[in-house]
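Okay, here's what each chain looks like letter by letter:
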2 protein chains.
Amino acid sequence: MKVITGVTPKETLEISEILARDLTGCEVRVNGAVHTIRDMGEVAFIVLRKREGLLQCVYEEGVSAFDLKEIKEAATVEFSGIVKQEERAPLGFEIRVRTVRILSEPAEPMPLQISKWKLNTSLEAKLNNRAISLRNVQERAKFRLQEGITRGFRDFLYGQGFTEVHTPKLGAKSAEGGANLFKLEYFHRPAILQQSPQFYKQMMVGVFDRVFETGPVFRAEKHNTKRHLNEYTSLDFEMGYIDSFEDIMAMETGFLQYTMDLLNREYAGELEILGIITPRTDEIPQVRFDEAKRMVAEKYDRQFRNPFDLEPEEEQLIGKLFKEDYGADFVFVTHYPSKKRPFYAMDDPADPTYTLSFDLLFRGLEITTGGQRIHNYQELLDKIAARGMETEGMEHYLAAFKHGMPPHGGLGIGLERLTMHLIGEENVREATLFPRDLNRLEP
Amino acid sequence: MKVITGVTPKETLEISEILARDLTGCEVRVNGAVHTIRDMGEVAFIVLRKREGLLQCVYEEGVSAFDLKEIKEAATVEFSGIVKQEERAPLGFEIRVRTVRILSEPAEPMPLQISKWKLNTSLEAKLNNRAISLRNVQERAKFRLQEGITRGFRDFLYGQGFTEVHTPKLGAKSAEGGANLFKLEYFHRPAILQQSPQFYKQMMVGVFDRVFETGPVFRAEKHNTKRHLNEYTSLDFEMGYIDSFEDIMAMETGFLQYTMDLLNREYAGELEILGIITPRTDEIPQVRFDEAKRMVAEKYDRQFRNPFDLEPEEEQLIGKLFKEDYGADFVFVTHYPSKKRPFYAMDDPADPTYTLSFDLLFRGLEITTGGQRIHNYQELLDKIAARGMETEGMEHYLAAFKHGMPPHGGLGIGLERLTMHLIGEENVREATLFPRDLNRLEP
């Protein structure tokens, strides 16, 4: 009986494997996509794009046992050749190619010049050719960093005793009801796509104490801005037995500290490709909502309008103020007005017009909404009634509270927004692999 | 300015913190949900349910500074008390309670006896009261193991040079077209929910070489069986530069080895709670589809019917045969007939009526479908044409091939099915936090 016993090392080597061993003078096999060919006459530089970076290979007329014309840009190939130390090569070595095996060839020339360092094209063109534009080394690096953020989120929370859950995206009712829901038919019944795992993660606090989920959420909002998506990845957690809503901010700060450290350790190459210095996370200022509004109005001589909400411009100014006056990239804005928060938000006992809640702004953009939730069954019913809402469709959610729930709270982080400001982009689509917006449903 | 500096240790202790330090005789604070109260007269055992397990606390009349009647089942409390070594306690110690702080109280008695070791109720009742039934220690342990599987999948693949991606669930067309798609309206345009990240992960092989995704997939199938769900979590990967489709099976075997090891290391408590011994993964037999059919027909004296498909009963018998004859829990069935595989499957050059593909059966149940894909643009067009299919809606997918793609392949693993057979259940809903099926859209 033939058996499979697991992963065995490949004969073809990755960049890190060549760097880790001293293979100077040795014959090696490497594969990759032909990123560029620079023909200098008797020699030619063929740069292979590999998952770990770009690898300089050298074709030498009379030495390489094939015709340079056989190699096309965007082909995938396997070279065999000799490792040679070469100071001028970006990696400090190059491969002097002996033989080639063509693995695949393109049918047509590239629609974009992906081998340029900076992909010099419009966002529209990038998104229309997503499978191609992401082959650009800088574009690709953005999503490696996005991986690092998600990975940091999970690894940090595993270490803090959280359990990962997978909650359904199809539902009969939404966690927060009402507008902005995509609707569909589910075997002759009306259904919706969840705009948040809110109800589910709260219910699971009664089971696991601390839970998190990283998954898609869906919002049928008709916003067409640089910071809105109709489908995005939400990093959600919810934790029980909190002493105060500051525990939640502390956990988020811990996540950011862990993740920036992870990026600097394991994604240093990508940070360098994009010229990014990770933001400070050792201490994050917190300021009350009303105080932040006042500070901004004063410093920037701005009219104080709607006392119950922050306009996007005000968020930007809060970011600017805290950067200028405190050198802070992040700021927690706390105690949002109750009327602007969902029914399950816990009101501040000291002044119930405000809530024990917060947003985290990153360089003036809201990337997180969180706070303490009501855990008392009757209090929840009372607040639902006071808002003139119905409990219909919330029976399962309410049952968790009816049968006992600890004090708890949590938050949701927009992965693409966090990525966007980390990589210094101004449009959230730049930080989304395949964005979904009012106009875009493909690719 | 007030600042948040990260996570600081709680004054209340978790079980592992008490076990790690010698706190005998010390006063500690612990919190949790009141799981059971056993009143013995002058003393009472109050078992707290904490995320790490059950903690035995002892109320002593005259010593504990409160009335036992204050403590209700399903309340959440914070006790302060003295740690005492006690051999008869499940953890080897107990807490002699001095004072209590009630954190929350239930409004009504429990609908299920969750404190029983085995929750003695129907699947329907469990699912109807999901937020409650999962508080049972055995039920909860199942989903801790499910976390371990997902975690093992990701951690193993990170180590193998894979990049994690988030692909959209809303689309204009499906990866594999046709039936079984949930349809919805997307800002006055028709849209679907993806039944697989297939097209996206293949496109991303041209970018990252190796990619994976763990996320929800949606299937509008009208199957009402013990092994079908209409929404489930798919563990998907796709890898470039493969030498053969056996590379994919080797990677999956590596994942299973890594994950079983992780479960035995980090989830030993949960394995013990459920009485699970992890299956052997050191070597996994592989057998051709036609050969497996023949073996089963012969051994179990079974009529050889449809030569192009495996019936569920045949899969079960293959599982049985390989268990009986080879002691194997897993078996790779390879070379499925081309007509039963999607257009992008690579046909076997040695006999194009079969494909370079496989299913992985776990105890007679298909938990994975995978294989090598066509990477040549023209070959892909030819196969699409030969099947009488249209390329409309596949332009973006095909563009990736037009501009060069390495030889590649991948697979998708049904997380709930893998969990179900690991925990020894017969219905996939037992391994799904909130199942979605023909009849169930709530909770």
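Note that the coordinates shown come from a computational prediction; the quantities given were computed from them, not determined experimentally.

Quick look at the overall build of chain A
The helix and strand tally for chain A stands at 12 helices and 19 strands. A principal-axis box enclosing the C-alpha atoms of chain A has dimensions of 85 × 65 × 40 Å. When burial is assessed residue by residue, chain A has 62% of its 443 residues classed as buried. Counted over contacts in chain A with a minimum sequence separation of 6, partners at least 24 positions apart contribute 64%.

A word on the pattern of salt bridges
Residues and elements named next belong to chain A. A full pass over the atoms with the stated rule returns 92 salt bridges over all chains. Note that Glu270 is salt-bridged to Arg144, the shortest N-O span being 3.1 Å. Here Glu270, found in helix 7 (residues 268-274), pairs with Arg144, found in helix 4 (residues 137-159); they are 126 residues apart in sequence, far enough to count as distant. Look at Arg144 and you get buried, because its relative accessible area is 16%.

Regarding the interface of chain A and chain B
Reports often express the size of an interface as the amount of accessible area lost when the parts come together. Listed per partner, the contact involves 124 residues of chain A and 124 residues of chain B. Between chain A and chain B lies a buried interface of about 10,400 Å² when both sides are counted; carbon and sulfur atoms form 60% of it. Area buried by chain A at its contact with chain B is led by Ile4, His403 and Leu441 of chain A, which between them contribute 8% of it. Connecting chain A to chain B are eight salt bridges. Lys10 of chain A is the salt-bridge partner of Asp247 of chain B, the closest N and O atoms lying 2.3 Å from each other. Counting across the interface, chain A meets chain B through 63 residue pairs in polar contact (both at pLDDT 80 or more). The element best represented in the side of chain A that touches chain B is helix 4 of chain A, accounting for 11 residues. In the side of chain A that touches chain B, the residues fall into 61 nonpolar, 29 polar and 34 charged. Judged from the three bridges that link them, strand 13 (residues 284-288) of chain A and strand 1 (residues 2-4) of chain B form a sheet pairing that is antiparallel. Bridge pairing in strand 1 of chain B links Gln286 of chain A to Lys2 of chain B.

Things to note about the packing of aromatic side chains
Residue and element names in this part refer to chain B. Tallying each qualifying case throughout the model produces 42 aromatic pairs over all chains. Aromatic pair Phe322 and Tyr326: ring centres 5.2 Å apart, planes at 25°, arrangement stacked. Of this pair, Phe322 and Tyr326 both sit in helix 9 (residues 312-326), four residues apart, which is roughly one turn of the helix. Judged by relative accessible area, which is 2%, Phe322 ranks as buried.

Let's talk about unusual backbone geometry
Residue and element names in this part refer to chain A. Look at the link from Glu442 to Pro443: it is a cis peptide, with omega at -10°. Secondary-structure assignment places Pro443 in the segment after helix 12 (415-422). For Arg363, which is not a glycine, the phi torsion comes out positive at approximately 50°. Mapped onto the fold, Arg363 is located in the loop between strand 17 (357-362) and strand 18 (365-373). Given the relative accessible area of 33%, Arg363 is considered partly exposed.

Looking at a negative patch on the surface
Taken together, the side chains of Asp39, Glu42, Glu61, Asp67 and Glu70 of chain A define an acidic patch exposed on the protein surface. Mapped onto the secondary structure, Glu61 of chain A falls in the loop between strand 4 (53-60) and strand 5 (76-85).

Some points on the packing of helix 4 of chain A against helix 6 (residues 246-266) of chain A
All names here are of chain A. Remark: helix 4 packs on helix 6, axes separated minimally by 8 Å, with the N-to-C direction vectors making an angle of 130°. Relative to helix 6, the element helix 4 lies oblique. Relative to helix 6, the crossing made by helix 4 is right-handed. Residues Leu145, Gly148, Ile149, Arg151, Gly152, Phe153, Asp155, Phe156 and Leu157 of helix 4 touch helix 6, and the partners they reach there are Met251, Gly254, Phe255, Tyr258, Thr259, Leu262, Leu263 and Glu266. Its residues assigned to classes, the contact of helix 4 with helix 6 shows 10 nonpolar, four polar and three charged.

A word on the side chain of Arg210 of chain B
Among the structural elements, Arg210 of chain B can be located in strand 11 (residues 210-218). We note that Arg210 of chain B is buried and unpaired, the nearest opposite charge coming from Glu14 of chain A at a distance of 6.1 Å. A polar contact is formed between the side chain of Arg210 of chain B and the backbone oxygen of Gln160 of chain B, at a distance of 2.7 Å. Contacts of Arg210 of chain B, omitting those with residues within four sequence positions, involve Arg51 of chain A together with Gln160, Gly161, Phe162, Thr163, Glu238, Met239, Gly240 and Met251 of chain B.

Re the packing of helix 10 (residues 377-386) of chain A against helix 11 (residues 395-402) of chain A
Residue and element names in this part refer to chain A. Look at helix 10 against helix 11: their axes get within 8 Å of each other, and the N-to-C directions meet at 145°. Here helix 10 contributes Tyr377, Leu380, Leu381 and Ile384 to the contact with helix 11, which in turn contributes Tyr397, Leu398, Phe401 and Lys402. Among the residues making up the contact of helix 10 with helix 11, the classes are represented as seven nonpolar, no polar and one charged.

As for the relation of the copies chain A and chain B
What connects the two chain copies is a rotation about an axis and a shift along it. Each copy of the sequence occupies a distinct position, and chain A is placed on chain B by a rotation of 180° and an axial shift of 0.0 Å, giving an RMSD of 0.0 Å. Taken together, the rotation angle and the small translation identify this as a two-fold axis. Identified as the residue of chain A closest to the rotation axis by C-alpha distance is Leu184 of chain A, at 2.5 Å. Mapped onto chain B, 100% of the interface residues of chain A again fall at the interface, so both copies present the same surface.

Brief notes about the environment of Arg227 of chain A
Residue and element names in this part refer to chain A. For Arg227, the location among the structural elements is in the loop between strand 11 (210-218) and strand 12 (231-240). Along the primary structure Arg227 and Arg417 are separated by 190 residues, whereas in three dimensions their C-alpha atoms are 7.1 Å apart. Here Arg227 is in contact with Pro312, Leu365, Arg417 and Val428, once residues within four sequence places are set aside.

The rules behind these values
- Residues numbered from 1 in each chain as written.
- Chains lettered and ligands numbered in written order.
- Predicted model: local features only at pLDDT ≥ 70, side-chain atom pairs only at ≥ 80, totals over all residues.
- Heavy atoms only, no water.
- Helix = DSSP H or I, 4+ residues; strand = E, 2+ residues; numbered from the N terminus.
- Buried < 20%, exposed > 50% of the residue type's maximum accessible area, 1.4 Å probe, protein only.
- Contact = heavy atoms within 4.5 Å.
- Salt bridge = Lys/Arg side-chain N within 4 Å of Asp/Glu carboxyl O.
- Buried area = accessible area lost by both parts, 1.4 Å probe.
- Polar contact = N/O pair within 3.5 Å; in protein donor to acceptor, adjacent residues only side chain to side chain.
- Nonpolar A, V, L, I, M, F, W, Y, C, P; charged D, E, K, R; others polar.
- Pairing = 2+ DSSP bridges.
- Phe/Tyr/Trp six-rings, centres within 6.5 Å; stacked < 30°, edge-to-face > 60°.
- Patch = residues over 30% accessible without salt bridge, like charges linked within 9 Å, V, L, I, M, F, W, Y side chains within 5 Å.
- Areas by Shrake-Rupley, 256 points an atom, 1.4 Å probe, with all protein chains shown as cover.
- Lys, Arg positive; Asp, Glu negative; His and termini not counted.
- Charge placed at Lys NZ, Arg CZ, Asp CG, Glu CD.
- Axes fitted to C-alpha atoms, helices over the stretch in contact; angles between N-to-C directions.
- Parallel < 35°, antiparallel > 145°, perpendicular 65-115°, else oblique.
- Left-handed = near helix turned anticlockwise from the far one by under 90°.
- Least-squares fit on C-alpha atoms with pLDDT ≥ 70 in both.

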